[in-house]
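Spelled out, the chains give:
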2 protein chains.
Amino acid sequence: MEMALAAIAGRWTTLILRDLMSGPCSFGQLRQRLPSLSAKVLADRLRELESRQLVTRERLSGFPTRTRYALTTRGRALRPLLVSLYETGTALRDLADLPR
Amino acid sequence: MEMALAAIAGRWTTLILRDLMSGPCSFGQLRQRLPSLSAKVLADRLRELESRQLVTRERLSGFPTRTRYALTTRGRALRPLLVSLYETGTALRDLADLPR
DNA sequence: CGGTATCCACGACGATACTG
DNA sequence: CAGTATCGTCGTGGATACCG
């Protein structure tokens, strides 16, 4: 459990992973999908995910620079966990305030 | 996903929930199972879990005082998530350092 | 476009001591 | 036994400004 929690630790991390689940993204694309997230925090998260070997970073040639972030095999291994987070959230919502 | 993450937020929270999954516990029993956790932090977590309606607190009569913590229906709804955390952790361990 | 560099505020965590 | 009170530290997240 600690390994999995460490993988998704940090605010916004799960949302970034979710976006990458549907395919590689550039830095700017991620910013567009997560507008309330500053560049610094997004860069922090991506560096963390890279160091955890969940995401790869690839600089594309040309100018202006483009960067491509993609999930690794380890990163894709998190998909069932994200699904479980979603399903659990739904279950909690359905049980909100009603029973014991 | 935010609902589920909010439910398990906080250090030690998942471990406390896991212990309660196997049945109600007293404060002291939880301390025994989580020796590296101070009384203050355990009390903090239990108050949070209570306010999130995931755990109930029941004071038993007699002296010295005993307290019984138990999961609510909402709390039990977290079981699949804890299982998924465990399985994902195992999967990450199996993929450690090896492939892309 | 894709980031860094600074700086700050706030809150979580934890140690220690004490109490009904 | 089951907590509360107090206090300090440290890290995280965020705002803002700037750079190759």
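Let me sum up the structure you'll find in this document. (Residues numbered from 1 in each chain as written. Chains lettered and ligands numbered in written order. Predicted model: local features only at pLDDT ≥ 70, side-chain atom pairs only at ≥ 80, totals over all residues. Heavy atoms only, no water.)

1. Regarding the relation of the copies chain B and chain A
The two copies are related by a screw motion: chain B maps onto chain A through a turn of 180° and a shift of 0.0 Å along the axis, at an RMSD of 0.1 Å. Accordingly, the operation relating the two chain copies is best matched by a two-fold axis. For chain B, the smallest separation between a C-alpha atom and the rotation axis is recorded for Ser84 of chain B, amounting to 3.4 Å. Most of the interface of chain B is mirrored in chain A, where 100% of its interface residues again form contacts. (Least-squares fit on C-alpha atoms with pLDDT ≥ 70 in both. Contact = heavy atoms within 4.5 Å.)

2. Focus on the interface of chain B and chain A
Contact with chain B, which involves 32 residues of that partner, is made by 32 residues of chain A. Each partner contributes to the roughly 3,000 Å² buried at the junction of chain B and chain A, and carbon and sulfur atoms together form 70% of this total. Considering only the surface of chain B that becomes buried against chain A, Met1, Leu92 and Arg100 of chain B emerge as the three largest contributors, covering 25% of it. Counting every contact that joins chain B to chain A gives zero salt bridges. When contributions to the side of chain B that touches chain A are tallied by element, the ones reaching two or more residues are helix 1 (2–7), helix 2 (13–21), helix 5 (73–76) and helix 6 (79–94) of chain B. Split into classes, the residues belonging to the side of chain B that touches chain A amount to 18 nonpolar, eight polar and six charged. (Buried area = accessible area lost by both parts, 1.4 Å probe. Salt bridge = Lys/Arg side-chain N within 4 Å of Asp/Glu carboxyl O. Helix = DSSP H or I, 4+ residues; strand = E, 2+ residues; numbered from the N terminus. Nonpolar A, V, L, I, M, F, W, Y, C, P; charged D, E, K, R; others polar.)

3. Let's talk about the protein's contact with DNA strand C
Surveying the vicinity of DNA strand C reveals 19 residues, the closest of which are Arg57 and Tyr69 of chain A together with Arg11, Lys40 and Arg45 of chain B. Of everything in DNA strand C that lies within 4 Å of the protein, sugar and phosphate atoms constitute 70%. The separation between a phosphate oxygen of DNA strand C and a polar side-chain atom of Tyr69 of chain A is 2.7 Å. In the environment of DNA strand C, a base oxygen lies 2.6 Å from a nitrogen or oxygen atom belonging to the side chain of Lys40 of chain B. Those elements that place two or more of their residues in the surface near DNA strand C are helix 3 (27–33), helix 4 (39–51) and strand 2 (66–71) of chain A together with helix 4 (39–51) of chain B. A per-element tally of the surface near DNA strand C places helix 4 of chain A first, with four residues. Of the residues assigned to the surface near DNA strand C, the class counts are seven nonpolar, five polar and seven charged. (Near = heavy atom within 4 Å. Polar contact = N/O pair within 3.5 Å; in protein donor to acceptor, adjacent residues only side chain to side chain.)

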